[in-house]
Amino acid sequence: EPEVTQTPSHQVTQMGQEVILRCVPISNHLYFYWYRQILGQKVEFLVSFYNNEISEKSEIFDDQFSVERPDGSNFTLKIRSTKLEDSAMYFCASAALTGLGSSEQYFGPGTRLTVT
Amino acid sequence: GESVGLHLPTLSVQEGDNSIINCAYSNSASDYFIWYKQESGKGPQFIIDIRSNMDKRQGQRVTVLLNKTVKHLSLQIAATQPGDSAVYFCAERSTGKLIFGQGTTLQVKP
């Protein structure tokens, strides 16, 4: 069964450093998402991406964040200068369709980011 | 604003009993709702979904009920098993993104 994969599973970084979290969505999917989950809290939407551009972003997704689809398979989330409060699980998700012809979003296993 | 929430942070049931997990949502314009299961250290896993033009939808051992009048969503798990132990989130879809509730931890006692 196809699945979303994410690397690394755990990333430890110092405050102020840049990190890149990587995701490989399911191959025939067109819609891509990043969510985060602070320990013990709910999953929060960060950004959605379609047709090589951001479709929507939340208030959390400020200028320190960026996303990219550098090739036909990878989807990355970059945090330029990490802060302590960026420590969380980051989930990538992908979907074949959205809107009225919707399909479910498939989530990856997540990357645990620890900022020290 | 938009928010989705769950009534209870923890639900403890005996193996074999039925479980009911509840969720209240606030965005009456939402037209699609999903239940996700999250096991420790893993990402959310799709369980079942329902569109706003339906009241009930059944899957394998799971049923989702939607009451649009009171903006309430519930997940029923029949004959709960130890493998059902996890955190359950309801989510609504708004403009493509998912808005998650806080989560209910289901504990299944043998």
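Preceding this section is the structure that the text describes.
Because the structure is a prediction, the values reported are computed rather than measured.

Some remarks on the pattern of salt bridges
Residues and elements named next belong to chain B.
Step number 1: Applying the stated criterion across every chain yields a total of six salt bridges over all chains.
Step number 2: Note that Asp55 is salt-bridged to Lys68, the shortest N-O span being 3.4 Å. Of this pair, Asp55 sits in the loop between strand 5 (45–51) and strand 6 (56–58) while Lys68 sits in the loop between strand 7 (62–67) and strand 8 (72–77); the two residues are 13 residues apart in sequence, bridging distant segments of the chain.
Step number 3: Put simply, Arg61 and Asp84 hold a salt bridge, and the shortest N to O gap is 2.9 Å. With Arg61 in the loop between strand 6 and strand 7 and Asp84 in the loop between strand 8 and strand 9 (86–94), the pair connects residues that are 23 residues apart, well separated along the chain.
Step number 4: Look at Asp84 and you get buried, because its relative accessible area is 7%.

What to know about the nonpolar core
Step number 1: Of all hydrophobic cores here, the largest spans 21 residues; its most connected members are Trp34, Leu46, Phe61, Val67, Phe75, Leu77 and Tyr90 of chain A.
Step number 2: For this core, the elements supplying multiple residues, two or more each, are strand 3 (19–24), strand 4 (31–37), strand 5 (43–50), strand 7 (65–68), strand 8 (75–79), strand 9 (88–95) and strand 11 (111–115) of chain A.
Step number 3: Apart from residues no more than four positions distant in its own chain, Val67 of chain A is found in contact with Trp34, Val47, Phe49, Ile54, Phe61, Phe75, Thr76 and Leu77 of chain A.
Step number 4: In terms of nonpolar packing, the next biggest core, distinct from the first, is built from 20 residues, Val13, Tyr25, Ile50 and Ile77 of chain B among them.

Some points on the pairing of strand 4 (residues 32–38) of chain B
Residue and element names in this part refer to chain B.
Step number 1: Judged by how many residues are buried, strand 4 sits mostly within the fold: seven of seven residues are covered.
Step number 2: Here strand 4 shows a buried face lined by Tyr32, Ile34, Tyr36 and Gln38 and a second buried face lined by Phe33, Trp35 and Lys37.
Step number 3: Bridging between strand 4 and strand 5 involves six bridges; their strand directions are antiparallel. Following the sheet pairing, Ile34 is matched in strand 5 by Asp49.
Step number 4: Count of turn residues in the strand 4/strand 5 antiparallel hairpin: six residues, of which Gly41 carries a positive phi of about 80°.
Step number 5: Here six bridges tie strand 4 to strand 9, and the two strands are oriented antiparallel to one another.

Overview of the state of the cysteines
Step number 1: Under the counting rule described, the total for this entry stands at two disulfides over all chains.
Step number 2: Disulfide pairing is shown between Cys23 of chain A and Cys92 of chain A; the S-S distance is 2.0 Å. Judged by the torsion about the S-S bond (-60°), the Cys23 of chain A/Cys92 of chain A disulfide is left-handed. In this pair, Cys23 of chain A is assigned in strand 3 and Cys92 of chain A in strand 9, connecting sequence segments 69 residues apart. As far as the burial class goes, Cys23 of chain A and Cys92 of chain A line up, both buried.
Step number 3: Note that Cys23 of chain B is cross-linked by a disulfide to Cys90 of chain B, the S-S spacing being 1.8 Å. The S-S bond linking Cys23 of chain B to Cys90 of chain B shows a torsion near 55°; that makes this disulfide right-handed. Taken as a pair, Cys23 of chain B in strand 3 (residues 19–25) and Cys90 of chain B in strand 9 lie far apart in primary sequence, 67 residues in all. The pair formed by Cys23 of chain B and Cys90 of chain B is uniform in burial state, with each residue classed as buried.

Topic: the sheet that holds strand 7 of chain A
Residue and element names in this part refer to chain A.
Step number 1: Taken in spatial order, the four strands line up as 1-3-8-7 in an open sheet, and their pairing is antiparallel. The open sheet is flanked by strand 1 (5–7) and strand 7, the only strands paired with a single partner. Strand-to-strand twist of the sheet, defined as the mean angle between neighbouring strand axes without regard to direction, takes the value 20°.
Step number 2: By the bridge criterion, four bridges tie strand 7 to strand 8 in an arrangement that is antiparallel.

About the thresholds
Residues numbered from 1 in each chain as written. Chains lettered and ligands numbered in written order. Predicted model: local features only at pLDDT ≥ 70, side-chain atom pairs only at ≥ 80, totals over all residues. Heavy atoms only, no water. Salt bridge = Lys/Arg side-chain N within 4 Å of Asp/Glu carboxyl O. Helix = DSSP H or I, 4+ residues; strand = E, 2+ residues; numbered from the N terminus. Buried < 20%, exposed > 50% of the residue type's maximum accessible area, 1.4 Å probe, protein only. Core = buried A, V, L, I, M, F, W, Y, C linked by side-chain atoms within 4.5 Å. Contact = heavy atoms within 4.5 Å. Pairing = 2+ DSSP bridges. Disulfide = S-S within 2.5 Å. Axes fitted to C-alpha atoms, helices over the stretch in contact; angles between N-to-C directions.

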